[in-house]
Amino acid sequence: MTFHNYFSFFIYSTLFFGYFVYSFAVLSGFPNFLGGMFSLSVVIFFPIVFLKYIINLKIESNLIEWLYFFLLFYVLSYSLIAAAFLNTALSDPPVSKGLLLICYSLVGWYVGRFLILENHIFRNINHLCIIYIAGFFLMSIITEGNIFAVLFILLDDSGIASTYQGIGRSIFFIGVFTLLFSKKHIYILFLSFILLLFLVGSRTHILGFVSMFFLYLFLSYPKLSLITSSFVIAAFSVTLSIINNYFPELYDVIISSRMAELFNLASSASFASRVQTFTTGWEIIQSHPIFGSFGYYFYNGTGYPHNILYAWSNWGLLPFLLILGIFCIALFKAFIKLLKLKSHVHIMLVSYVITVFILYIFLLEPIDDVSLGIMVGLLIGIVNEKNKNYTYL
């Protein structure tokens with residue numbers, strides 16, 4: 001265990017600390033930013049992370065890390081040049097979001113590269129915090145008498161959800177690392193985290209986690225995965241039918257929930273909005289195919305594409321190609337390693353890489369995003385197998 005193993009766990013643990021502060025303070029009327037302990041840690045600990053990244057780049061760099069470096073360098077340069085020479089202020093969202101992407105992504109790289117949960121104290125803390133989160137959900141449901149109580153709690157008086165996505169993201173990454181370092185009860189853990197994400201109402205992250213579950217199942221047991229998929233679809237349909245017949249009020253709540261919009265996209269205002277921003281983003285790309293139009297979504301009030309096209313429309317063609325290159329190399333390296341050694345860790349890695357790629361294509365824009373950095377860090381830590389052991393497995 002090195003200093004960086006301990007420090008990466010400390011950063012990772014702020015996901016839990018933020019949850020504690022949120023459930024005790026924010027829901028009692030304190031400012032929302034108090035729940036963003038992970039975001040705060042990203043900014044505070046970034047200098048240490050950046051220094052280690054530069055050192056590692058000299059010692060054990062490879063093609064994917066150089067592509068990753070050029071991506072971050074390009075975003076930094078573009079943001080600073082825009083602030084210096086264009087009609088853009090350093091505090092404007094397009095600039096700040098570019099800088100936050102660098103901070104979030106590098107902290108994600110650091111956690112993915114050095115976090116290990118083989119220490120029994122780390123494992124126990126991780127398990128206790130997961131139990132706390134599950135208990136918080138259960139108590140909220142019992143108190144409010146509604147399975148979507150947590151999502152309703154996260155809505156302000158105007159009905160706008162402002163923090164549920166951050167909590168959904170936290171649970172998603174807690175689930176990824178918990179599963180990565182777990183050997184027993186894999187499928188129970190998968191289903192537990194899917195349930196938690198369902199209750200919090202973060203559709204992007206529940207789709208990602210469900211995709212990762214079926215990818216893991218398919219890579220582990222191809223035939224069983226097909227049977228399981230059929231069973232899940234049948235069980236889901238039967239369960240909804242029973243609820244409709246015997247618990248009509250609960251059925252109405254489920255059907256009118258945000259999660260139900262996934263099965264009826266035509267009536268989803270959120271989906272319609274995303275289609276519009278995608279169309280606008282593509283028009284910007286056609287008009288500015290090389291360098292994009294920096295900050296157009298903010299200055300024109302049109303919104304940004306909620307997928308990888310954000311990189312092209314806002315920063316230009318090169319970042320878009322760099323991200324695609326990173327994913328292609330990551331998939332290739334992860335699959336090659338999986339073919340050589342079909343272990344739980346390598347199956348999880350391939351499942352995570354494909355999941356993040358799917359999210360980037362359809363649902364996840366590269367803004368203050370930690371998933372890409374975690375993917376690169378995990379890839380280097382697992383595939384290169386340098387200074388990172390998985391004895392707990």
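Residues numbered from 1 in each chain as written. Predicted model: local features only at pLDDT ≥ 70, side-chain atom pairs only at ≥ 80, totals over all residues. Heavy atoms only, no water.

> Explain the overall build of the chain residue by residue, including any values.
Looking only at helices and strands, the chain features 18 helices and zero strands. Residue burial in the chain is summarised as follows: out of 393 residues, 51% are buried. For the chain, long-range pairs separated by at least 24 residues make up 74% of all intrachain contacts whose partners lie at least 6 apart in sequence. Carbon and sulfur atoms make up 70% of the accessible area of the chain, which totals about 18400 Å². (Helix = DSSP H or I, 4+ residues; strand = E, 2+ residues; numbered from the N terminus. Buried < 20%, exposed > 50% of the residue type's maximum accessible area, 1.4 Å probe, protein only. Contact = heavy atoms within 4.5 Å. Areas by Shrake-Rupley, 256 points an atom, 1.4 Å probe, with all protein chains shown as cover.)

> Can you tell me about helix α4 (residues 63-85), naming the residues and giving the values?
Helix length check: α4 (23 residues) gives 32 Å between terminal C-alpha atoms against 33 Å at 1.5 Å per residue, within 8%. Listed in full, the buried residues belonging to α4 are Ile64, Glu65, Leu67, Tyr68, Leu71, Leu72, Tyr74, Val75, Tyr78, Ser79 and Ala82. (Expected span 1.5 Å × (residues − 1).)

> So what's going on with the nonpolar core? Which residues, and what values?
The biggest cluster of nonpolar side chains holds 115 residues, and the ones touching the most others in it are Tyr12, Phe209 and Tyr352. For Phe209, the contacting residues outside a window of four places in its chain are Phe172, Gly175, Val176, Leu179, Phe190, Phe193, Ile194 and Leu197. (Core = buried A, V, L, I, M, F, W, Y, C linked by side-chain atoms within 4.5 Å.)

> So what about the packing of aromatic side chains? Which residues, and what values?
Aromatic rings considered in pairs are described by the distance between their centres and by the relative angle of their planes. Inspection of the entire model under this criterion finds 41 aromatic pairs. Relative to Phe177, the ring of Tyr12 lies with its centre 5.6 Å away and its plane at 70°, an arrangement referred to as edge-to-face. You can see Tyr12 sitting in helix α1 (residues 3-24) and its partner Phe177 sitting in helix α8 (residues 164-180), a full 165 residues away along the chain. Between the aromatic rings of Tyr304 and Tyr310, the centroid separation amounts to 5.5 Å while the plane-to-plane angle is 75°, which identifies the pairing as edge-to-face. Relative accessible area serves as the criterion here: at 0%, Tyr310 is assigned to the buried category. Feature note: the residues Phe3, Phe7, Phe10, Phe45, Tyr53, Tyr68, Trp109, Tyr110 and Phe114 constitute an aromatic cluster, connected by ring pairs. We note Arg113 situated over the ring of Phe114; from NZ or CZ to the ring centre the distance is 4.9 Å. (Phe/Tyr/Trp six-rings, centres within 6.5 Å; stacked < 30°, edge-to-face > 60°. Lys NZ or Arg CZ within 6 Å of the ring centre and 35° of its normal.)

> Any chance you could break down the packing of α8 against helix α10 (residues 203-220) for me, citing the residues and the numbers?
Contact geometry of α8 with α10 gives a least axis separation of 9 Å together with a crossing angle of 20°. One finds that α8 runs roughly parallel with respect to α10. Seen along the crossing, α8 lies across α10 with a hand that is left-handed. Contact residues: α8 offers Gln165, Gly168, Arg169, Phe172, Gly175, Val176 and Leu179, while α10 offers His205, Gly208, Phe209 and Met212. Looking at the contact of α8 with α10 residue by residue, the classes come out as five nonpolar, five polar and one charged. (Axes fitted to C-alpha atoms, helices over the stretch in contact; angles between N-to-C directions. Parallel < 35°, antiparallel > 145°, perpendicular 65-115°, else oblique. Left-handed = near helix turned anticlockwise from the far one by under 90°. Nonpolar A, V, L, I, M, F, W, Y, C, P; charged D, E, K, R; others polar.)

> Give me the lowdown on a nonpolar patch on the surface, citing residues and values where you can.
A surface patch of nonpolar side chains, about 510 Å² in accessible area, is lined by Val238, Ile242, Tyr246, Phe247 and Leu250. A per-element tally of the nonpolar patch places helix α11 (residues 222-246) first, with three residues. Among the secondary structure elements, Ile242 is positioned in helix α11. (Patch = residues over 30% accessible without salt bridge, like charges linked within 9 Å, V, L, I, M, F, W, Y side chains within 5 Å. Salt bridge = Lys/Arg side-chain N within 4 Å of Asp/Glu carboxyl O.)

> Describe the packing of helix α3 (residues 46-60) against helix α5 (residues 93-114), naming the residues involved and giving the relevant values.
Angle between the axes and distance between the axes: these two values describe a pair of packed helices. Orientation of α3 relative to α5, taken along the N-to-C sense of each, is 65°, at an axis distance of 10 Å. Here the hand of the crossing between α3 and α5 comes out left-handed. Packed against α3, whose contacting residues are Phe46, Val49, Phe50, Lys52, Tyr53, Asn56 and Glu60, the element α5 presents Ile102, Cys103, Leu106, Val107, Trp109, Tyr110, Arg113 and Phe114 at the interface. Among the residues making up the contact of α3 with α5, the classes are represented as eleven nonpolar, one polar and three charged.

> Summarise α8; cite the residues concerned and give the values.
Here α8 is 17 residues long and its end C-alpha atoms lie 24 Å apart, about the 24 Å a rise of 1.5 Å per residue gives. Extensive coverage of α8 is indicated by the burial of 14 of its 17 residues.

> Kindly report on the confidence of the model for the chain, identifying the contributing residues and their values.
Across the chain, the average pLDDT comes to 82, with 87% of residues at 70 or higher. Of all secondary-structure elements in the chain, the lowest mean pLDDT belongs to helix α7 (residues 149-153), at 65, while helix α15 (residues 309-315) reaches the highest, 91. Low pLDDT (under 50) marks residues 387-393, which in the prediction has 27 contacts with non-local residues, meaning those over four places away or in another chain. (pLDDT = per-residue confidence, 0-100.)

> Before we move on, can you summarise unusual backbone geometry with the specific residues and values?
Even without being glycine, His185 reaches a positive phi, approximately 55°. Of note, His185 is situated in the loop between α8 and α9 (186-200).

> Could you give an account of the environment of Ser61, with specific residues and numbers?
By the secondary structure assignment, Ser61 is in the loop between α3 and α4. C-alpha separation for the pair Ser61 and Ile380, spaced 319 residues apart in sequence, amounts to 9.0 Å.

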